[in-house]
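The lines below spell out each chain.
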There are 2 protein chains.
Amino acid sequence: MGAHIRELKPQDRDDVAEALGCCGAFTDEEVVVALELFDADGREGYRLFGAEIGGRICGYVCVGRAALTESSWYLYWLCVHPAAQRQGVGTALRRDVERFVWAEGGRRLVIETSGRPDYHRARRFYERAGYVSVGLIRDFYRSGDDCVVYAKQLIQDDHESQPAT
Amino acid sequence: MGAHIRELKPQDRDDVAEALGCCGAFTDEEVVVALELFDADGREGYRLFGAEIGGRICGYVCVGRAALTESSWYLYWLCVHPAAQRQGVGTALRRDVERFVWAEGGRRLVIETSGRPDYHRARRFYERAGYVSVGLIRDFYRSGDDCVVYAKQLIQDDHESQPAT
């Protein structure tokens, strides 16, 4: 516990790369794309927030406005370093980013994730947080690797405290 | 009938803008985004094809590879000028772009479109062409304007003839 959620800075890039590489959920290509989003923080609608423990970033989340929508956002990425997992860091990141999105006028978050068995924990994480499965695209990522689409309608009661920024 | 499907050139921009503006399906903001994709043709993974009748482009389609997938593509945009509708132009564009995607190694197309009543004809167009509704994100575009996600698994028999390029 005790993670401090804050905006990411360019000097956090190594910590983010390490968390992405170590967490085991992402392919090399996915890590490259995730770091492109890190580099795009604040531009092209992407916003990233990190969880800091002991001066190092141990996890982060990336969201962005959905183009051509009034108040929908995507949660593109949420990653916690294995050494910091099961300490509530993911939940702190999720809660904080939902508050941020709410404060920006966002009213729902959409997540696309894998239907693979090894993503079961990730899916349970979102389901327990109120995300509802609203779509399933068979073999989307590759044969046998479906895309599960989750959406959560944000409600004011959940976001009364201060946003991350 | 008799539309010739071909790659778009920069000088087709006015025809494309007119088709987008006249077809009545798109907001001003959507037209701006669609023209950004026109300007991005060939870059960032976007590919556009137009339907030419009598030397003018009367409709076009825009597709792109889905990042981090092995063989999934998005169909972002398909628009036919009202004066050219109900002549098979949309079907010619769809068929040709499916052949193109197949030839590029794509094996499925995903379309996100509106669930609004005035998009009924568009949804029927895709459903008749074998696109299956695989997701529904309530209020995605704005309150009362859902996102319907369609997917079609491409099969070889449909794409034996030559691709557009």
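Residues numbered from 1 in each chain as written. Chains lettered and ligands numbered in written order. Predicted model: local features only at pLDDT ≥ 70, side-chain atom pairs only at ≥ 80, totals over all residues.

Draft legend 1. View of the overall build of chain A. Counting its regular elements, chain A contains four helices and seven strands. Of the regular secondary structure in chain A, the N- to C-terminal order runs β-α-α-β-β-β-α-β-α-β-β. Here the C-alpha atoms of chain A give a radius of gyration of 15 Å, agreeing with the 15 Å that 2.2 N^0.38 yields for 165 residues. Overall size of chain A, expressed as C-alpha extent along the three principal axes, is 40 × 35 × 30 Å. Across the 165 residues in chain A, those meeting the buried criterion constitute 39%. Taking as baseline every contact in chain A between residues at least 6 positions apart, the subset at least 24 positions apart corresponds to 60%. (Helix = DSSP H or I, 4+ residues; strand = E, 2+ residues; numbered from the N terminus. Rg over C-alpha atoms; globule rule 2.2 N^0.38 Å. Buried ≥ 20, exposed ≤ 12 C-beta atoms within 10 Å, placed from the backbone. Contact = placed C-beta atoms within 7 Å.)

Draft legend 2. Geometry of the nonpolar core. Formed by 94 residues in total, the largest nonpolar core has its most connected members in A:Tyr60, A:Val61, A:Leu93, B:Tyr60, B:Val61 and B:Leu93. Beyond its immediate sequence surroundings of up to four residues, A:Tyr60 is in contact with A:Leu8, A:Val16, A:Ala19, A:Leu48, A:Phe49, A:Gly50, A:Ala51, A:Cys79 and A:Leu93. (Core = buried A, V, L, I, M, F, W, Y, C linked by C-beta atoms within 7 Å.)

Draft legend 3. Expanded view of the pairing of strand E5 (residues 108-114) of chain B. Residue and element names in this part refer to chain B. In terms of strand pairing, strand E4 (residues 72-80) meets E5 through three bridges, oriented parallel. Across the sheet, Trp73 pairs through a bridge with Leu109, a residue of E5. Between E4 and its parallel partner E5, the chain crosses via helix H3 (residues 89-103), and the hand of that crossover is right-handed. With seven bridges connecting them, E5 and strand E7 (residues 145-153) associate as antiparallel partners. Bridge assignment links Arg108 to a residue of E7, and that residue is Gln153. (Pairing = 2+ DSSP bridges. Right-handed = clockwise from strand over helix to strand, strands pointing away.)

Draft legend 4. Representation of the interface of chain A and chain B within the structure. Chain A puts 20 residues into the contact, and the matching count from chain B is 20 residues. Of all the elements in the fold, those that place two or more residues in the side of chain A that touches chain B are helix H2 (28-39), strand E5 (108-114), strand E6 (132-142) and strand E7 (145-153) of chain A. Tallying contributions element by element places E6(A) first for the side of chain A that touches chain B, with eight residues. Here the residues of the side of chain A that touches chain B are counted per class, giving 11 nonpolar, three polar and six charged. (Nonpolar A, V, L, I, M, F, W, Y, C, P; charged D, E, K, R; others polar.)

Draft legend 5. Here's a closer look at helix H3 (residues 89-103) of chain A. Residues and elements named next belong to chain A. Taking 1.5 Å as the rise per residue, H3 with 15 residues should run 21 Å; its terminal C-alpha atoms sit 21 Å apart, in good agreement. Counting buried positions along H3 yields 12 of 15 residues, so the element is predominantly enclosed. Within H3, the full set of buried residues consists of Val89, Gly90, Ala92, Leu93, Arg94, Asp96, Val97, Glu98, Arg99, Phe100, Val101 and Trp102. Check the buried side of H3 and you find it contacts strand E1 (4-7), strand E2 (46-53), strand E3 (56-65), strand E4 (72-80), E5 and helix H4 (120-128). (Expected span 1.5 Å × (residues − 1).)

Draft legend 6. Highlighting the relation of the copies chain A and chain B. Once chain A has been moved 0.0 Å along the axis and rotated by 180°, it coincides with chain B to within an RMSD of 0.0 Å. Overall, the copies show the geometry of a two-fold rotation axis. For chain A, the minimum C-alpha distance to the rotation axis belongs to A:Gly135 and amounts to 1.9 Å. Comparing contact sets, 100% of the residues at the interface of chain A also lie at the interface in chain B, consistent with an isologous, same-surface contact. (Least-squares fit on C-alpha atoms with pLDDT ≥ 70 in both.)

Draft legend 7. The pairing of E3(A), seen in detail. All names here are of chain A. E3 sits mainly inside the fold: seven of its 10 residues count as buried. Two elements, E2 and E3, share eight bridges in a ladder whose sense is antiparallel. Following the sheet pairing, Tyr46 is matched in E3 by Gly64. Taken together, the seven bridges between E3 and E4 define a ladder with antiparallel strand orientation. What sits directly across from Gly59, in E4, is Val80.

Draft legend 8. Examining the packing of helix H1 (residues 13-22) of chain A against H2(A) more closely. All names here are of chain A. Interhelical geometry of H1 versus H2 gives an angle of 150° and a closest axis separation of 10 Å. Of the possible angle classes, the one that applies to H1 and H2 is roughly antiparallel. Judged by the twist between their axes, the crossing of H1 over H2 is right-handed. Two secondary-structure elements touch here, H1 through Arg13, Val16, Ala17, Leu20 and Gly21 and H2 through Val31, Ala34, Leu35 and Phe38. Grouping the constituent residues of the contact of H1 with H2 by class yields seven nonpolar, one polar and one charged. (Axes fitted to C-alpha atoms, helices over the stretch in contact; angles between N-to-C directions. Parallel < 35°, antiparallel > 145°, perpendicular 65-115°, else oblique. Left-handed = near helix turned anticlockwise from the far one by under 90°.)

Draft legend 9. Representation of the environment of B:Arg123 in the model. Residue and element names in this part refer to chain B. Structurally, Arg123 can be placed in helix H4 (residues 120-128). Look at Arg123 and you get partly exposed, because 18 C-beta atoms sit within 10 Å. When the C-alpha atoms of Arg123 and Glu30 are compared, they prove to be 18 Å apart, with 93 residues separating the residues in sequence. Sequence-distant contacts of Arg123, that is, excluding residues within four places in its chain, are made with Thr113 and Val148.

Draft legend 10. Structural view of the confidence of the model for chain A. Looking at chain A as a whole, the pLDDT averages 92, with 94% of positions reaching at least 70. Interface confidence in the predicted complex, given as ipTM, is 0.91; pTM for the same model is 0.91. (pLDDT = per-residue confidence, 0-100.)

Draft legend 11. Looking closely at the environment of A:Asp15. Residue and element names in this part refer to chain A. Position of Asp15 relative to the elements: it lies in helix H1. Note: C-alpha distance between Asp15 and Gly105 (90 residues apart in sequence) is 30 Å. Setting aside anything within four residues of it in sequence, one finds Asp15 in contact with Arg56 and Ile57.

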